[in-house]
Amino acid sequence: MLRRKLMGMLSIATAQLLPTGTTFQATAVNRVVIYTACTDGCTSKPARRFLAMAKSYRLQVVMLGREATWQGFEWMANMYSAAAAALPAETLAIFVDHSDVFIQADAESIASAFYAVSAGKPLVLSLETGCPKGRCTVAANVSSDGHGGSGIPGLRHINGGFVIGHAWAQRKLWSVAAQRSCCRIQHGKRVASAQRGIGAFARAYPELVSFDAPQRLCAVIVNLRTSNEWALHYEFAPPDSTNALPRVRNRHSKAVPGFVHMPGLTGSTKKHLCADKVARKQMLAPLDEVTRLLVPLPGLQAVCGGPLHMNTSETHTELPRGRRGQLLF
């Protein structure tokens, strides 16, 4: 019953997001589709930023839950599972946060990195050094001393904001994650956790999961008081003949990930950081710089308010559209 309801919700959302008469088909040329949950009508600055980057790399994006209100991780995971179930089984699908994520690769580069990292398994998870109390899951068979290819000590904890893999395996992962995500304690309340749910799946089905230890797919940058990862482990790769924009790269391996995830700048964590001047300065400095260099869209402001080091005058830029690698929203 729940699955039927979710599939109906997905079909309604898809009808709203897809241009009339358009269907998605994975092909050898464009076989990557990105899904993200967007419950703000997709008009916020982070949503516009995400779509602008996707457009610049001609990536296909489906914003799920656009007309809904946020109902928690279990709701999102079930929606993701239904979306994956509607795709051809071998489609390469990415389920990712959007409010604190930057894109810096096209579909072919992303697919190539996936097959290099996955070692024949259908799913790849991203890793972080952070280990939040009550939701930390250590990835199996990943070195704790940075020898996984990244050169970053402690990069062995499963992150909940980026999963890439074949649609049939994504359906299974998000279904299991929805059922096994309870619970962490937040402000005295029991709250479902992406890291707990995805971690439970990784422990139960190790044969389906690889980990992006070399950060070829997604670099998760935890930049708090105790660990200034931005300064220690990352730098900008200058534009070259194939990329007009600078890109973030690992300063040890020189790997350029397809996505950069800078968690900790939304929700209650955002409020905490914005009240903490030292942590705010440390987090927002790289966020501002990355935004200024990686996002081809003017008029953005810092997450906690206040100006970026760029022209922040408001503009009425239209949500991006494209023909090749059409954006779906």
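Just so it is clear, the structure is predicted and the values come from calculations on it, not from any experiment.

Caption draft 1: Up close: the sheet that holds strand 4 (residues 101-103). Spatially, 3 strands are ordered 4-15-10 in an open sheet, and the strand pairing comes out mixed. Two strands lie at the open edges of the sheet, namely strand 4 and strand 10 (218-220), each paired on one side alone. Recorded for the sheet is a direction-independent mean angle of 15° between the axes of neighbouring strands. Bridging between strand 4 and strand 15 (residues 259-261) involves 3 bridges; their strand directions are antiparallel. Residue pairing in the sheet places F102 in a bridge with V260 of strand 15.

Caption draft 2: Representation of unusual backbone geometry. Of note in this structure, R58 is not a glycine but carries a positive phi near 55°. With respect to the helices and strands, R58 occurs in the loop between helix 2 (45-56) and strand 2 (60-64). Positioned with a positive phi, Q215 is a non-glycine residue whose angle comes to about 60°. Exposure remark for Q215: the relative accessible area of 1% places this residue in the buried category.

Caption draft 3: Inspection of the pairing of strand 1 (residues 32-37) at higher detail. The buried fraction of strand 1 is high, at 6 of 6 residues. Of the two faces of strand 1, the one carrying V32, I34 and T36 and the one carrying V33, Y35 and A37 are both buried. Sheet topology places strand 1 next to strand 2; 5 bridges connect them, and they run parallel. Paired with A37 across the two strands is L64, which belongs to strand 2.

Caption draft 4: Focus on the sheet that holds strand 5 (residues 123-128). What the 6 strands build is an open sheet, ordered 2-1-3-6-5-9; its pairing is mixed. Edge strands, defined here as strands with exactly one partner in the open sheet, are strand 2 and strand 9 (209-211). The sheet shows a mean angle of 25° between the axes of neighbouring strands, taken without regard to direction. Pairing of strand 1 with strand 3 (residues 92-96), which is carried by 4 bridges, proceeds in the parallel orientation. In the strand pairing of strand 3, V33 is matched with A93. With respect to the sheet, helix 2 is in contact with strand 1, strand 2 and strand 3, its orientation differing from that of strand 2 by roughly 160°.

Caption draft 5: Fine view of helix 3 (residues 73-85). Taking 1.5 Å per residue, 13 residues should reach 18 Å; helix 3 reaches 18 Å between its end C-alpha atoms and fits that length. With 10 of 13 residues buried, helix 3 is to be regarded as a mostly interior element.

Caption draft 6: Molecular detail of the pattern of salt bridges. Counting across every chain of the model gives 3 salt bridges. Among the ionic pairs, R249 bridges to E235, the shortest N-O distance being 2.8 Å. On the criterion of sequence distance, the pair formed by R249 in strand 14 (residues 247-250) and E235 in strand 13 (residues 234-237) is long-range, its members being 14 residues apart. Residue class for E235 comes out buried when judged on its relative accessible area of 17%. The salt bridge partner of K254 is E235, with a shortest N-O separation of 2.7 Å. With K254 in the loop between strand 14 and strand 15 and E235 in strand 13, this residue pair connects regions lying 19 residues apart in the sequence. Note on K254: relative accessible area 42%, which makes it partly exposed. In this structure, a network of salt bridges that share partners links the residues E235, R249, R251 and K254.

So, how was this worked out
Residues numbered from 1 in each chain as written. Predicted model: local features only at pLDDT ≥ 70, side-chain atom pairs only at ≥ 80, totals over all residues. Heavy atoms only, no water. Pairing = 2+ DSSP bridges. Helix = DSSP H or I, 4+ residues; strand = E, 2+ residues; numbered from the N terminus. Axes fitted to C-alpha atoms, helices over the stretch in contact; angles between N-to-C directions. Buried < 20%, exposed > 50% of the residue type's maximum accessible area, 1.4 Å probe, protein only. Contact = heavy atoms within 4.5 Å. Expected span 1.5 Å × (residues − 1). Salt bridge = Lys/Arg side-chain N within 4 Å of Asp/Glu carboxyl O.

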